[in-house]
Amino acid sequence: MAYDADVIVVGAGLAGLVATAELVDAGRSVILLDQEPEQSIGGQAHWSFGGLFLVDSPEQRRLRVKDSHELALQDWLGTAGFDREEDRWPREWAEAYVDFAAGEKRSWLYAQGLRLFPVVGWAERGGYDANGHGNSVPRFHITWGTGPGVVAPFERRVR
């Protein structure tokens, strides 16, 4: 049996589902492959608590959590300790991800159908300033439906 596609995505975890959905929306034909049976779609994300890293969100502001792009990046860089020349790409990825988490990530996820609990918790909690490891403020946003709630919008798009 022969298949023809523009792209082959290997892995039907959350990253594979998101990549496939975005590629299809961009007009590409995609084959999505996974070693696990179909009931395992979403991979580990399906079994997760569904926490999302967001920066300076309405949920944080409602709880009077003072957060910012600058603070989140300072927390990340303080934890990562990027101090070698070969850390260039991981540092650039971290900066791009904090940009996304402080910018369009929440509205993009909302457009996908994800909804958030009105509370924000701690993940990788650090000290009470941005000089130590972890987050200096709560940034862990839980989705309605936890892990399956994160996977569902992308699974629907892919199917």
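Numbers given to residues run from 1 along each chain, matching the order in which its sequence is written. Totals for whole chains, interfaces and linings use every residue, but because this is a predicted model, local features are given only for residues with pLDDT of at least 70 and side-chain atom pairs only at 80 or more, for both listing and counting. Excluded from the side-chain calculations are hydrogens and water; all other atoms, namely the structure's heavy atoms, are used.

**Student:** Would you mind showing me how to read the sheet that holds strand β5 (residues 140-143) here?
**Tutor:** Overall, antiparallel pairing links the three strands, which are arranged β3-β5-β4 in an open sheet. Edge positions in the sheet fall to β3 (51-53) and β4 (116-121), since each of these pairs with one other strand and no more. Each strand axis lies, on average, 35° off the axis of its neighbour in the sheet, ignoring direction. At least two DSSP bridges between two strands are needed for those strands to be called paired. Helix numbering and strand numbering both begin at the N terminus, where a helix is a DSSP run of H or I of at least 4 residues and a strand a DSSP run of E of at least 2. The sheet contact formed by β3 and β5 spans three bridges and is antiparallel. Axis definition: a line fitted to C-alpha atoms, limited for helices to the stretch in contact. Angles are taken between N-to-C directions and run from 0 to 180 degrees.

**Student:** Help me understand a nonpolar patch on the surface, please; the structure alone is not making it clear to me.
**Tutor:** Any residue with relative accessible area above 30% and no salt bridge may belong to a patch, with like charges joined within 9 Å and the nonpolar Val, Leu, Ile, Met, Phe, Trp and Tyr side chains within 5 Å. Working definition of accessibility: Shrake-Rupley area with a 1.4 Å probe, residue cover restricted to the visible protein chains. Salt bridge, as used here: a side-chain nitrogen of Lys or Arg that lies within 4 Å of a carboxyl oxygen of Asp or Glu. A cluster of nonpolar side chains, Ile8, Val10 and Leu33, forms an exposed patch at the surface whose accessible area comes to about 310 Å². Looking at where valine 10 falls in the secondary structure, it is placed in strand β1 (residues 7-10).

**Student:** What exactly am I supposed to notice about the packing of aromatic side chains here?
**Tutor:** The relative placement of two aromatic rings is captured by the distance of their centres and the angle of their planes. We call Phe, Tyr and Trp rings a pair once their centres come within 6.5 Å, taking the six-membered ring for Trp, and we label the pair stacked below 30 degrees between planes, edge-to-face above 60, and tilted otherwise. Applying the stated criterion across every chain, the model contains ten aromatic pairs. Relative to phenylalanine 140, the ring of phenylalanine 49 lies with its centre 6.4 Å away and its plane at 10°, an arrangement referred to as stacked. One end of the pair, phenylalanine 49, is in the loop between α2 (43-47) and β3; the other, phenylalanine 140, is in strand β5, and 91 residues separate them in sequence. By way of ring pairs, the aromatic residues Phe53, Trp76, Trp93, Tyr97, Phe100, Trp108 and Phe154 are connected into one cluster. A positively charged side chain is recorded as over a ring if its NZ (Lys) or CZ (Arg) lies within 6 Å of the ring centre. The angle to the ring normal must also be within 35 degrees. Geometry around tryptophan 89 places arginine 88 over its ring, the cationic atom sitting 4.1 Å from the centre. Of note, arginine 115 hangs over the ring of tyrosine 110, and the distance from its end group to the ring centre comes to 3.5 Å.

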